[in-house]
Every structure is written in structure tokens, then in C-alpha cells.
Amino acid sequence: MEQVVVIVGAGPSGLATAACLSAHSIPHVVLEREDVYASLWKKRAYDRLKLHLAKEFCALPFKPHSPNSPTYIPRAMFVDYLDDYVKTFDIRPRYHRTVESASYEKADGKWRIEARNTETGDVEVYVAEFLVIASGENSAKYTPELPGLDTFKGEIIHSNGYKSGAKYENKDVLVVGCGNSGMEIAYDLSNYGVRTSIVIRSPFHVVTKEIVRLGMVLSKYIPVGVVDFMAVVMSKIVFGDLSKYGIHRPKEGPFYLKATAGRAPVIDVGTIGKIKSKEIKVVPAISSIDGKKVLFKGGAEREFDVIVFATGYKSVANSWLKDYDYVLNEEGMPKNDFPHHWKGEKNLYCCGLSRRGLFGVSMDAMAIADDIKRVVGVNKNK
């Protein structure tokens, strides 16, 4: 099947790219392995989740959030927004299409994409001038390999399967991962009377959502170093010295780390207060696991009924994209630095891999569509 553009993935990145291409009247097809668009938001997000950034930083192209919507939008409301987005721009992904291979055919200068229709078992072949990787940073869950993990006698769950702490009432639960998801899941568990512990190994910044919103606005006008200084001072005022609770601040500032390394600060939802009151216990890195017993660095050990891995996701585009090095590195992330990360060679693009959330998704989608429009115009004039 000849196509102008093939987009792999119907999450926010794929939807945004499709809308931008439609605005330029550029034909395209969206291939999605699941049975629904935005499957992470619709199927694998915990109940209490809200967008961590203010709504003005979380809109997709051509469709700002309603003035009547809350500043920090709940998951269900964001799903409604995506439903309306798909309807407004008449986006029609082809579902149950798992891309198994994509390679650049030098002879005709086009991309050959093989996708298996998991409903029929048939392999469909698409030939396209342009290929957009929009499968996202969160395409596959990541669980670290820990000595003895296979011997654990309790329940093991990844954060993408976590919904609510209600089912774990009166149990001992260990959360592994102290990013935003891990800290919020620990808070949610504690609210349901769960005896909650969280592994904290690495330094990170703790901020409020208001500090982040102010910092993002100020970053448009003043150097990031100044913004970081202000953010750290405000965080110290709000939270005090957290080192005595096992939480240490990195040397680099929160906005610098986000811009250069993609490391987001933890936006507190109430977890810090529970750590201070010892409702949530902080534990060091895991040494090994033996049955229900978890051994920690330093010699401490405890038994747990459940381990929740809030250890993030990884890109798996390299597993099917044979010529990934035109745009990606060996980890499946952009090989070019921001803000040129989205464009590769041979009409290959990636959307939503800048680690800048939905704000980055919108920037990528618009840039990709504009560039494809430019190339199509050049080719027409040859």
C-alpha cells in the first residue's frame, strides 16, 4: 500500500502529528498495535492521576483546553479531551497493527513498513516517502533485574497496571522508583491504610506544581540558571531540609536537568508530608530478594506482600526499525540534541521522544508536519 506518510503509534504523539499533517492536507496513515488510541491513558493509568503540568503546557496542536477546565487536568478529563481531538480532526488509526519491520529502500528512496494485523494474522506492507516514529518513550514497561526477584512469593506489579491502593489495604507494600509515579503511588497506597515503603536511591528535586508552572513561564524570559536558583530557594522554604529523610537534592537545578537530561523533578502531591510523619518509610536500594523477604543496602531487611515497580518505560522502536540510526541512538532515543532531535535522515522523524511531555509532543508534531510539507513542495517543483 503506497502512502505519503506512515505514522507508527496512536498515542498523543501520533494523534498530534496526524492533526498537523491534515492541516497541510498531506495524506497519511496511523498504525496502532492496540485496539484503541492513547492506550496508556485509557488503559494503564492509575485512578488519581492528574496532569503534572498546568493545562497551558499540555494542549495538542490547534486545540487548547477549555477555559472552564481545571488548571491541572484529571486523567478522565484528559481522555475526554483526546476523544474530542480525534473526532475534531477525523483521525482514523488502523488498529491491531503491530509493526514488525521498517527499513529504508535505497533503490527507490522510500520506506518499507511491514505490520502484522493481529486480528487476521496477515502481514500488511506499506511503502511510504516519510516515516514518523510516534510510539513514544513509554512503549514498553521497564522492570530492573534484581537478585532473587524470581523467588518473591507476593504480588509483583508494574505501575502501568496499578489503579488504586484500595485492594492492598492492611498489606505491606514496597514501591520501587521515586519519580513522580512512584511518589504518587506511595501516597495513594498510604491513603488506603497500606503499610508503605519506598526505595530512594538517587538525588532528585522536590517541587510544587506552582513552582513548576512559574518556572516554565519564567524560562521563556530569563536564563535557566536564574530560574533554577529561584525554584530551589522556594522548594527549601516549602519543604525544608529533606536530607534527614533520605531525600537529597542534586547539584544541578531542576530545569537544567529537565532540559539536558530529561530528568523531571518530583512534583509533590502530599507524599513528603507522609514521609515526614513516617506514614511512608524511606528505604535504601535493594540488595536482594528471598521469598517475601527484601534485603536492603546497609543490611536491613523486611517482608512485603507486594512490590510495585514504578521504574518507568523504555522505547522499543529499535526492535522493529532496522535503519534506526538515521534518527535514534542505541537506546531508542533521539541521537540529535534538542531542538533538532525530531528530524533524521532519509525522511525519518520521531515525535514525542524529547522528554518534554505533552508540550514537547506539540512542538515535535508541528515541526515534523511543516518539514514534510516543505519537502513535498520541493519534490513537486523538481
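Residues numbered from 1 in each chain as written. Predicted model: local features only at pLDDT ≥ 70, side-chain atom pairs only at ≥ 80, totals over all residues. Heavy atoms only, no water.

### Brief notes about unusual backbone geometry
For the record, the criterion: Secondary structure elements are taken from DSSP: a helix is a run of H or I of four residues or more, a strand is a run of E of two residues or more, and numbering for both begins at the N terminus. Three labels apply to residues, based on accessible area from a 1.4 Å probe with only protein chains included: buried if under 20% of the type maximum, exposed if over 50%, partly exposed otherwise in between.
F338 connects to P339 through a cis peptide bond whose omega is 10°. Within the fold, P339 resides in the loop between β17 (313–314) and β18 (348–350). Its identity as a non-glycine residue notwithstanding, S25 has a phi of 55°, on the positive side. Mapped onto the elements of the fold, S25 is located in the loop between α1 (12–23) and β2 (28–31). Note on S25: relative accessible area 65%, which makes it exposed. Even without glycine at this site, K346 takes up a positive phi of about 60°. Here K346 lies in the loop between β17 and β18.

### A short note on the sheet that holds strand β14 (residues 293–296)
Our working definition: A pair of strands counts as paired when DSSP detects no fewer than two bridges linking them. What counts as an axis is a line fitted to C-alpha atoms, over the stretch in contact for a helix, and the angles between N-to-C directions run from 0 to 180 degrees.
Taken together, 3 strands build an open sheet; the order of strands is β13-β14-β15 and the sheet is antiparallel. With partners counted over all chains shown, the strands left at the sheet margins are β13 (286–290) and β15 (301–303), one partner each. Direction aside, neighbouring strands of the sheet carry axes that sit 20° apart on average. In terms of strand pairing, β14 meets β15 through 3 bridges, oriented antiparallel. By the bridge assignment, V294 is partnered in β15 with R302.

### A few points about the sheet that holds strand β9 (residues 195–199)
Keep this limit in mind: A contact between two residues is defined here by any heavy atoms of the two lying within 4.5 Å.
Pairing is parallel across the open sheet formed by 5 strands, whose spatial order is β7-β16-β8-β9-β12. The sheet terminates laterally at β7 (155–158) and β12 (280–283), the two strands that pair on one side only. Here the strands of the sheet are splayed against their neighbours by 20° on average, with no regard to which way each runs. Bridge count between strand β8 (residues 172–176) and β9: 5 bridges; the pairing is parallel. Of the residues in β9, the one forming a bridge with V173 is T196. Strands in contact with helix α4 (residues 180–191) are β8, β9, β12 and β16 (306–309); relative to β9, the strand with the most contacts, it is inclined by about 170°.

### A look at the pattern of salt bridges
To keep things clear, this is the line we draw: Take a side-chain nitrogen of Lys or Arg and a carboxyl oxygen of Asp or Glu: if they are within 4 Å of each other, that pair is a salt bridge.
Under the defined criterion, the tally for this structure stands at 21 salt bridges. Here E114 ties to R112 by a salt bridge, and the two come within 3.3 Å at their closest N and O atoms. On the basis of relative accessibility, which here comes to 32%, the residue R112 falls in the partly exposed class.

### A closer look at the packing of aromatic side chains
Formally: Under the pairing criterion, centres of Phe, Tyr and Trp rings, with the six-membered ring standing for Trp, must be within 6.5 Å; the plane angle then separates stacked pairs below 30 degrees from edge-to-face pairs above 60, leaving the rest tilted. Whether a charge lies above a ring is judged from NZ of Lys or CZ of Arg, which has to be within 6 Å of the ring centre and within 35 degrees of the ring normal.
A full pass over the atoms with the stated rule returns 14 aromatic pairs. Three or more aromatic residues joined by ring pairs make a cluster, and in this case those are W41, F62, F78, Y81, Y85 and F89. Lying over the aromatic face of F338, R356 brings its terminal NZ or CZ to 3.6 Å of the ring centre.

### A short note on the packing of helix α5 (residues 209–218) against helix α6 (residues 224–239)
The following threshold applies: Here roughly perpendicular refers to angles of 65 to 115 degrees, roughly parallel to angles under 35, roughly antiparallel to angles over 145, and oblique to all remaining angles. Left-handed describes a crossing whose near helix is turned anticlockwise from the far helix by less than a right angle; the clockwise case is right-handed.
Contact pair α5 / α6: the axes reach a minimum separation of 10 Å and the direction vectors enclose 165°. Overall, the two elements α5 and α6 adopt an arrangement that is roughly antiparallel. Remark: the crossing between α5 and α6 carries right-handed chirality. Residues I211, L214, G215 and L218 of α5 lie in contact with α6, whose contacting residues are V227, M230, A231, M234 and S235.

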